[in-house]
Amino acid sequence: MNTPFFDIPSSLCAASDAVMAGTKDAFARIDEITEYNQQKVLSAFIEFHVSETHFVPTTGYGYGDRGRDTLDELFAKVMGAEDALVRHSVVSGTHAITVALFGVLRPGDVLLAATGTPYDTLLGVIGVGAPSDGSLADYGIGYAEVPLKNDLPDLDGIREALRMDPRVKVVHIQRSRGYSLRPSLSVAQIGEIVSAVREVRPDAIVFVDNCYGEFVEKTEPTAVGADLMAGSLIKNAGGGIAENGGYICGRRDLVEQCSYRMTTPGLGREVGASLGHNRSLYMGLFHAPHVVGEALKTAVYAAALFSSFGYEVTPTADEVRADIIQAVKLGDAPSLIAFCQGMQQGAPVDSFVVPEPWDMPGYDDQVIMAAGAFTAGASIELSADAPLREPFAAYMQGGLNFHSGKLGVLLAARSMMEKGILKL
Ligand SMILES: *Cc1c(COP(=O)(O)O)cnc(C)c1O
């Protein structure tokens, strides 16, 4: 490759060219899924007669916002769900998941995490350990957990937990690895969990945290029997265009219950002005399959390049993926810091900033992050996070287009070369 605008050592360019040849099959698989999902999304836009009138902002209560209501239907169609709520006023993925859980759980019920400990930000919501304000625990909602077994869902353990405790009302599944090294769950694996749950408790609600999973496969968990699902719009489903927001989708009766928690009992989805955000939410959804494909190619490339340097990567370049996260085990703190600092140099925004490890609230270890995004914190844009602890893995994700994502990865490698860590 040529890098006329960047000073990349020729040995690194040669290493890059060598691994690119080997990514053909993985890229072809990604393109095939992207094409399928792009057609799925486009056909929904056509079916719902999306027009400029859907982008007209509403203010105040937001009664009768056609754009908002049609987006809900269109989104549900794409996700293989009966109904959906897609809102800029849902502030994040954690908020969407929180609305979903509080929407359907009642005092005396139990939430069962079926794929191990959920993502960090949900622990305060559940109210595990430290007392917190207004958590599920505060409202008398119990919590239990079935750990993964050899990194896989423990179907027998899940059935057993359901038999033991008839109070379980919601079974929680996390599709993405989050910031752990366990593999992400495929939609087929989620379908197997759904079947296992149904055998014992046909009435239990299966909830999926779908963050980072949207459009990575041809189907979504709600299409294989999950009852309820939630995610963030500054990750996959917002296509790098949504400026904020979250979504909930699933069974119609459950989505309605969630709508009463999202606004108020009685008002539900009838209120909530779109304030001019509709256009970016529609456009983001339209772009999402393609952008997810670009992020996946960036991840495959990083896996191929860093494994060629001898680093352990997960998933590997050839593995079938279920989310957009790529972990690269760098082995020590200086390598991790150099990697993140190099990646930051390739950001379109804040490229001149030098990230440093810091004591992030809620984490036991120091964390370093590379992020230079148009939308603050958007991890569908190229970004990397890493807690400074064994095995010193960088978790990278995103990339709005492969060509810039590739360069970010190269600059991470260059930074390690400059520090004398990586020798080519
Ligand atoms: C990002 C993420 C969340 C939380 O989303 P935020 O938008 O950061 O609040 C929850 N679960 C998983 C698996 C995630 O990746």
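Structural data are supplied above this passage.
Residues numbered from 1 in each chain as written. Predicted model: local features only at pLDDT ≥ 70, side-chain atom pairs only at ≥ 80, totals over all residues. Heavy atoms only, no water.

### A closer look at unusual backbone geometry
- Cis rather than trans, the peptide bond between Thr314 and Pro315 has omega equal to -5°.
- Counting through the fold element by element, Pro315 comes out in the loop between β8 (312–314) and β9 (326–329).
- Cis geometry marks the peptide bond from Glu390 to Pro391; its omega dihedral reads 0°.
- Within the element layout of this structure, Pro391 appears in the loop between β11 (383–387) and β12 (393–397).
- Look at Leu275: it is not a glycine, yet its phi comes out positive at around 55°.
- Tracing the sequence through the fold places Leu275 in the loop between α8 (252–262) and α9 (278–308). (Helix = DSSP H or I, 4+ residues; strand = E, 2+ residues; numbered from the N terminus.)

### Describing the pattern of salt bridges
- Per the counting criterion, the structure on display carries 22 salt bridges.
- A salt bridge links Asp83 to Arg269, with the shortest nitrogen-to-oxygen separation between them at 2.6 Å. Here Arg269 lies in the loop between α8 and α9 and Asp83 lies in strand β1 (residues 83–87), a separation of 186 residues in the sequence.
- By relative accessible area, which is 7% here, Asp83 ends up buried.
- Linking Arg414 and Glu418 is a salt bridge whose minimum nitrogen-to-oxygen distance equals 3.5 Å. One end of the pair, Arg414, and the other, Glu418, are both in helix α11 (residues 402–418), 4 residues apart, so they sit about a helical turn from each other.
- The exposure class assigned to Arg414 is buried, which follows from its relative accessible area of 15%.
- Residue Glu418 is classed as exposed on the basis of its relative accessible area, which comes to 57%.
- Counted as one network, the salt bridges with shared partners bring together Asp72, Asp83, Arg87, Arg252 and Arg269. (Salt bridge = Lys/Arg side-chain N within 4 Å of Asp/Glu carboxyl O. Buried < 20%, exposed > 50% of the residue type's maximum accessible area, 1.4 Å probe, protein only.)

### Some details on the packing of aromatic side chains
- Scanning all chains against the criterion turns up 11 aromatic pairs.
- Pairing Phe45 with Tyr282 gives two aromatic rings, centres 6.0 Å apart and planes at 75°, and the pair type is edge-to-face. Pair noted here: Phe45 is in helix α2 (residues 24–47) and Tyr282 is in helix α9, with a separation of 237 residues, a long-range link.
- Look at Phe45 and you get buried, because its relative accessible area is 13%.
- Aromatic ring contacts, followed pair by pair, group Phe45, Phe55, Tyr282 and Phe286 into a single cluster.
- For Lys218, the ring lying beneath its charged end belongs to Tyr36, and the centroid distance is 5.1 Å. (Phe/Tyr/Trp six-rings, centres within 6.5 Å; stacked < 30°, edge-to-face > 60°. Lys NZ or Arg CZ within 6 Å of the ring centre and 35° of its normal.)

### Quick word on the site of the ligand
- Around the ligand, the surrounding shell consists of Ser92, Gly93, Thr94, Ile97, Tyr119, Gln174, Asp209, Cys211, Tyr212, Ser232 and Lys235.
- Note that an oxygen atom of the ligand is positioned 3.4 Å from one of the side-chain N or O atoms of Ser92.
- Measuring from a nitrogen atom of the ligand, one finds a side-chain N or O atom of Asp209 at 2.5 Å.
- Starting from 380 Å² of accessible surface for the ligand in isolation, the protein chains cover 89%.
- Across the shell around the ligand, the residue classes tally to 4 nonpolar, 5 polar and 2 charged. (Near = heavy atom within 4 Å. Polar contact = N/O pair within 3.5 Å; in protein donor to acceptor, adjacent residues only side chain to side chain. Areas by Shrake-Rupley, 256 points an atom, 1.4 Å probe, with all protein chains shown as cover. Nonpolar A, V, L, I, M, F, W, Y, C, P; charged D, E, K, R; others polar.)

### Re the nonpolar core
- Ranked by internal contacts, the top residues of the largest apolar core, which has 129 residues, are Leu228, Leu305, Phe306, Phe309, Leu330, Phe339 and Met343.
- Broken down by element, the residue count for this core peaks at 15 residues, all from α9. (Core = buried A, V, L, I, M, F, W, Y, C linked by side-chain atoms within 4.5 Å.)

### Considerations on the sheet that holds strand β4 (residues 168–174)
- Spatially, β1-β7-β6-β5-β4-β2-β3 is the arrangement adopted by the 7 strands of the open sheet, whose pairing is mixed. Of all strands in the sheet, those bounded by a partner on one side alone are β1 and β3 (142–145). Strand-to-strand, the axes of this sheet are offset by a mean angle of 20°, without reference to chain direction.
- Of the pairings in the sheet, the one linking strand β2 (residues 110–113) to β4 comprises 4 bridges and is parallel in character. Looking across to β4, one finds that Leu111 is bridged to Val170.
- Those strands touched by helix α3 (residues 66–79) are β1, β6 (228–232) and β7 (246–250), and its axis lies near 125° from that of β1. (Pairing = 2+ DSSP bridges. Axes fitted to C-alpha atoms, helices over the stretch in contact; angles between N-to-C directions. Contact = heavy atoms within 4.5 Å.)

### Some remarks on the sheet that holds β8
- Pairing is antiparallel in the open sheet, where 5 strands are placed in the order β8-β9-β12-β11-β10. Every interior strand has two partners, whereas the edge strands, β8 and β10 (367–371), have only one. Neighbour to neighbour, the strand axes of the sheet diverge by 15° on average, direction disregarded.
- Relative to β12, β9 runs antiparallel, the two being bridged by 4 bridges. Each residue of the ladder has a partner; that of Lys329, found in β12, is Ala393.

### Some points on α9
- With 31 residues, α9 extends 44 Å between its outermost C-alpha atoms, agreeing within 8% with the 45 Å of an ideal straight helix rising 1.5 Å per residue.
- Of all the bends in α9, the largest measures some 50° and sits at Ala288, one to four residues before the proline Pro289.
- Across the 31 residues that make up α9, a large majority, 24, are buried.
- Gly310 occupies a position one or two residues after α9 and carries a positive phi of about 100°. (Expected span 1.5 Å × (residues − 1). Bend = angle between axes of the 7 residues up to and from the residue.)

### Here's the deal with the state of the cysteines
- Scanning the entire structure with this criterion turns up 0 disulfides.
- Here Cys211 stays free of any disulfide, with the sulfur of Cys249 as its closest cysteine sulfur at 12 Å.
- Cys211 sits in the buried class, given a relative accessible area of 9%. (Disulfide = S-S within 2.5 Å.)

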